[in-house]
Amino acid sequence: MDIKELYELYKKHPIITTDSRQCPEGSIFLALKGESFNGNKFAVQALEKGCAYAIVDEDVAPANPKIIIVEDCLQTFKDLAREHRRQFNIPVIGITGTNGKTTTKELIATVLGEKYNVLYTQGNFNNDVGVPKTLFRLTEEHEIAVIEMGASHPGDIKTLVETVEPTCGLITNVGRAHLQGFGSFEGVMKTKGELYDFLGDRAVFLDADNEYLVGMAKERNLKHVITYGSTVGRVTSCNPFVNFEWTHGDVHTHLIGAYNISNILAAIIVGLHFGVTPEQINHALENYVPSNNRSQLTVTEHNQLVVDAYNANPTSMAAAIENFRLMEVAPKMAIIGVMGELGDVSREEHMKVGEQLRRAAFDRVWLVGEEFRNATLDASWQWFATTDDVIEALRHDRPEGYYILIKGSHSNHLDRLVEEL
């Protein structure tokens, strides 16, 4: 059965589930596999629970007309999602980048939402399973789509753009992240640049202040480039929230971190391109409140927390520490967790973080994770092996009246500290 035949089947049963615990009556079960699970083993069970069909890539049962065998279920999932996306003649904005892609996606969706019914990636469903799930949410009611695409290995973006088929897009930036998978910074640029490769003559929104992105665009001789950057707007203050000015007014946001200005300006230029008025753009940006532990201010009974604990790499870590240093507040404390997937440069990059923290001269510094054991450069700092150890310490030594930066990779689970502080 080819993809078009499978899609005809999907139109009769327009719910695809990849979880055998959730099998709505008449849905299609698609058997995905991972390191610790194999959906093929649950195909028959899914049919018993109410699925109309099961798509598998292993021989799981005697001949059964309700079980459809394909070569690769994940590829079939992506191909079906692409076929579904092709049913809708609407603008599809593809977004990738090392840092800021989720915030940029949220801001663009918020701005466009002032005028359009927008489908956009929820949370960080930005991988080869999450992206198809997002595309299957497309309905006739949607007028525009904003799709976030993540990558941790060479070729990841090429695979995703071939599924999404964006009509325009942007790369937020390129930085030193997932180096264990990419091998080098050049590998990061090549992979992120696969979005530019696909867009070709389609519209590319380009941060003109980013020399790497400008160079990548020139290398590909992109024909339809729409620039944004410092010529569009600038930060006026950041204590703690970002306030900025542009041609159409002074805007007060709920974002923390001057580094967010490029994300904000991207949302402005995309909004203008699609006919959102400056007044609508300002309204959207002033009312957007970040969540998911990204550049988020949390006020507790005891302290004020700058929570940026969803992800971390050398680029975002440096920006977060520098922004916190520039905030005109006191006293300051930093609780910093390790950065993952850095491969051979991990020790070097964690030492750089320690050096930056020393120069910042915060009142207190706590470091969390094995990679920081030897990065401690100040005798007054405290080191903890795990977040559990930090929680135990807070029960005896909880800071009071501090502004506290909480930053680290998600694997640290530093978000657990919020309720303790």
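In this text, all values refer to a predicted model and were calculated from it rather than measured experimentally.

Caption draft 1: Local environment of the sheet that holds strand E18 (residues 382-384). Taken in spatial order, the six strands of this open sheet run E14-E15-E19-E16-E17-E18, and their pairing is mixed. Both edges of this open sheet fall to strand E14 (296-299) and E18, since each of them pairs with a single strand only. For this sheet, the mean angle separating the axes of adjacent strands, direction not counted, is 20°. Where strand E17 (residues 364-368) meets E18, three bridges bridge the pair, whose relative direction is parallel. Each bridged residue has a counterpart across the sheet, and for Trp366 the counterpart in E18 is Gln382. Along the sheet face, helix H13 (residues 314-326) touches strand E15 (304-308), strand E16 (332-337) and strand E19 (403-407) and points at about 175° away from the line of E19.

Caption draft 2: Structural detail: helix H12 (residues 278-287). Listing the buried residues of H12 in full gives Pro278, Ile281, Asn282, Ala284 and Leu285. Looking straight down H12, one finds its buried side chains confined to an arc of 165°; they lie on one side. Packing partners of the buried residues in H12 comprise helix H4 (101-112), strand E12 (241-246), strand E13 (249-256) and helix H11 (261-273).

Caption draft 3: Seen up close, the pairing of E14. Bridge analysis of E14 against E15 gives four bridges, and the strand direction is antiparallel. From the neighbouring strand, Gln296 faces E15, where its bridge partner is Val307. From the end of E14 to the start of E15, which pair antiparallel, there are four residues.

Caption draft 4: Molecular detail of the pattern of salt bridges. The final tally for this structure, using the stated rule, is 22 salt bridges. Across the pair Glu392 and Arg395 runs a salt bridge whose closest N-O atoms are separated by 3.6 Å. A residue is classified by how much of its surface remains accessible, and Glu392, at 41% relative accessible area, is partly exposed. The exposed category is assigned to Arg395, whose relative accessible area is 57%. One salt-bridge network, in which partners are shared between bridges, spans Lys33, Asp57 and Glu58.

Caption draft 5: Inspection of the packing of H13 against helix H14 (residues 346-360) at higher detail. Two numbers describe how H13 lies on H14: the axes approach to 10 Å, and their chain directions differ by 5°. By the angle between their axes, H13 is roughly parallel relative to H14. Residues Pro314, Met317, Ala318, Ile321, Glu322 and Arg325 of H13 touch H14, and the partners they reach there are Glu349, Val353, Gln356, Leu357 and Ala360. Class assignment of the residues belonging to the contact of H13 with H14 gives a composition of seven nonpolar, one polar and three charged.

Caption draft 6: The arrangement of empty space enclosed by the protein in detail. As enumerated under the stated definition, the model contains one cavity of 30 Å³ or more in all. There is about 40 Å³ of room inside the largest cavity. Around the largest cavity sit Ile256, Tyr259, Val306, Asp308, Ala320, Asn323, Phe324, Met327 and Leu405, which together line it. Elements supplying a minimum of two residues to the lining of the largest cavity: E15 and H13. At three residues, H13 tops the list of elements feeding residues into the lining of the largest cavity. Of the residues assigned to the lining of the largest cavity, the class counts are seven nonpolar, one polar and one charged.

Caption draft 7: The arrangement of the sheet that holds strand E8 (residues 168-171) in detail. Taken together, six strands build an open sheet; the order of strands is E6-E7-E5-E8-E9-E10 and the sheet is parallel. The open sheet has two edge strands, strand E6 (118-120) and strand E10 (225-228), and neither has a second partner. Direction aside, neighbouring strands of the sheet carry axes that sit 20° apart on average. Relative to strand E7 (residues 144-148), E6 runs parallel, the two sharing three bridges. Within the sheet, the bridge partner assigned to Tyr120 lies in E7 and is Val146.

Conventions adopted
- Residues numbered from 1 in each chain as written.
- Predicted model: local features only at pLDDT ≥ 70, side-chain atom pairs only at ≥ 80, totals over all residues.
- Heavy atoms only, no water.
- Pairing = 2+ DSSP bridges.
- Helix = DSSP H or I, 4+ residues; strand = E, 2+ residues; numbered from the N terminus.
- Axes fitted to C-alpha atoms, helices over the stretch in contact; angles between N-to-C directions.
- Contact = heavy atoms within 4.5 Å.
- Buried < 20%, exposed > 50% of the residue type's maximum accessible area, 1.4 Å probe, protein only.
- Arc of directions from axis to C-beta.
- Salt bridge = Lys/Arg side-chain N within 4 Å of Asp/Glu carboxyl O.
- Parallel < 35°, antiparallel > 145°, perpendicular 65-115°, else oblique.
- Nonpolar A, V, L, I, M, F, W, Y, C, P; charged D, E, K, R; others polar.
- 1 Å grid on protein atoms, 1.4 Å probe; cavity = no way out; pocket = protein on both sides within 12 Å on 5 of 7 lines; lining within 4 Å.
- Points joined across faces, edges and corners; volume = space filled by probe spheres on them.

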